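# A look at the structure
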Amino acid sequence: MKNSAKISKELIAPCGMNCAVCSAYMAFKYNLKNKGVKMPYCTGCRLRDKQCAFLKKRCDLLLNKKVKYCYECKDFPCTKLQHIDERYRTLYRMSMIENLQYIKKKGIKEFLTSEEEKWKCPKCGGIICCHNGICFKCGLEKLKKKKKLYRWKDD
Ligand code: SF4
Ligand code: SF4
Ligand SMILES: [Zn+2]
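What this report covers is the structure whose coordinates are included nearby. What you see is a predicted model, and the numbers here were worked out from it, not measured in a lab. (Residues numbered from 1 in each chain as written. Chains lettered and ligands numbered in written order. Predicted model: local features only at pLDDT ≥ 70, side-chain atom pairs only at ≥ 80, totals over all residues.)

## A closer look at the overall build of the protein
Scanning the protein from N- to C-terminus turns up 7 helices and 0 strands. Reading the helices (α) and strands (β) of the protein from amino to carboxyl end gives α-α-α-α-α-α-α. At 15 Å, the protein has a C-alpha radius of gyration in line with the 15 Å of a compact globule built from 155 residues. If one aligns the C-alpha atoms of the protein with their principal axes, the spans along those axes are about 45 × 35 × 30 Å. A burial count over the protein gives 31% of its 155 residues as buried. Summarising the internal contacts of the protein: among those between residues at least 6 apart in sequence, 49% fall at separations of at least 24. (Helix = DSSP H or I, 4+ residues; strand = E, 2+ residues; numbered from the N terminus. Rg over C-alpha atoms; globule rule 2.2 N^0.38 Å. Buried ≥ 20, exposed ≤ 12 C-beta atoms within 10 Å, placed from the backbone. Contact = placed C-beta atoms within 7 Å.)

Below is the structure:
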């Protein structure tokens, strides 16, 4: 059994997204542009000090860093968060709201361990991307052939 790759707590965004499994972070980490795959780069929500456009632009609390995680907000889970959560549950096999509830209940350390297990590549121990199910470390050829980069299935 391969050891799973470690995920830093800095990669867990206020909205509950795990940037480590996001295609934009993974594209940046593995420098995909130099490997013939065009996908936007992002260094992660907290690290680049900007949240994803989808929530930040629409939330003053996140914009002004009034909350560390959305569960600290009195409106949690607000409709904006519910909306994106629904999309991620349907298409990307994860839920920001569940992630946040987990962190609130069990703490960030335990959450990171469970995420490392959940997204572990069975072949190389790397990380599977939530947007398409591919490990960017050992699945580069798969990624190059992928028709829909933001779906698990091509059909
Ligand atoms: S695009 Fe959003 S989810 Fe992806 S790495 Fe950047 S901040 Fe994180
Ligand atoms: S739960 Fe609160 S902090 Fe998070 S996006 Fe919604 S309004 Fe903003
Ligand atoms: Zn792999």
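## A short note on the site of ligand 2
Around ligand 2 sit 13 residues in total, of which Cys59, Leu61, Cys70, Cys73 and Cys78 are the nearest. Broken down by secondary-structure element, the contributors of at least two residues to the shell around ligand 2 are α3 (60-63) and α4 (79-91). Of the residues that constitute the shell around ligand 2, the class distribution is 11 nonpolar, no polar and 2 charged. (Near = placed C-beta within 6 Å. Nonpolar A, V, L, I, M, F, W, Y, C, P; charged D, E, K, R; others polar.)

## Some words on the nonpolar core
Formed by 36 residues in total, the largest nonpolar core has its most connected members in Cys19 and Val21. Of all elements in the fold, only α1 (23-29), α4 and α5 (96-106) reach the threshold of two or more residues within this core. Looking at this core element by element, the count peaks at 4 residues for α5. Beyond its immediate sequence surroundings of up to four residues, Cys19 is in contact with Leu11, Ala13, Tyr25, Gly44 and Cys45. (Core = buried A, V, L, I, M, F, W, Y, C linked by C-beta atoms within 7 Å.)

## What about the packing of α5 against helix α6 (residues 108-118)?
Contact pair α5 / α6: the axes reach a minimum separation of 7 Å and the direction vectors enclose 135°. Taken together, the axis directions place α5 and α6 in an arrangement best described as oblique. Packed against α5, whose contacting residues are Asn99, Tyr102, Ile103 and Lys106, the element α6 presents Ile108, Glu110 and Phe111 at the interface. Per-class residue counts for the contact of α5 with α6 are 4 nonpolar, 1 polar and 2 charged. (Axes fitted to C-alpha atoms, helices over the stretch in contact; angles between N-to-C directions. Parallel < 35°, antiparallel > 145°, perpendicular 65-115°, else oblique.)

## Considerations on α5
Buried within α5 are the following residues: Met96, Ile97, Asn99, Leu100 and Ile103. The buried residues of α5 occupy one face: seen down the axis, they fall within an arc of 160°. Opposite its buried face, α5 presents the exposed residues Lys105 and Lys106, each directed more than 90 degrees away. Packed against the buried residues of α5 are α4 and α6. Gly107 occupies a position one or two residues after α5 and carries a positive phi of about 95°. (Arc of directions from axis to C-beta.)

## Brief notes about the environment of Lys38
Within the secondary structure, Lys38 sits in the loop between α1 and α2 (53-56). Its 8 C-beta neighbours within 10 Å are what place Lys38 among the exposed residues. For the pair Lys38 and Ala27, spaced 11 residues apart in the sequence, the C-alpha separation amounts to 8.4 Å.

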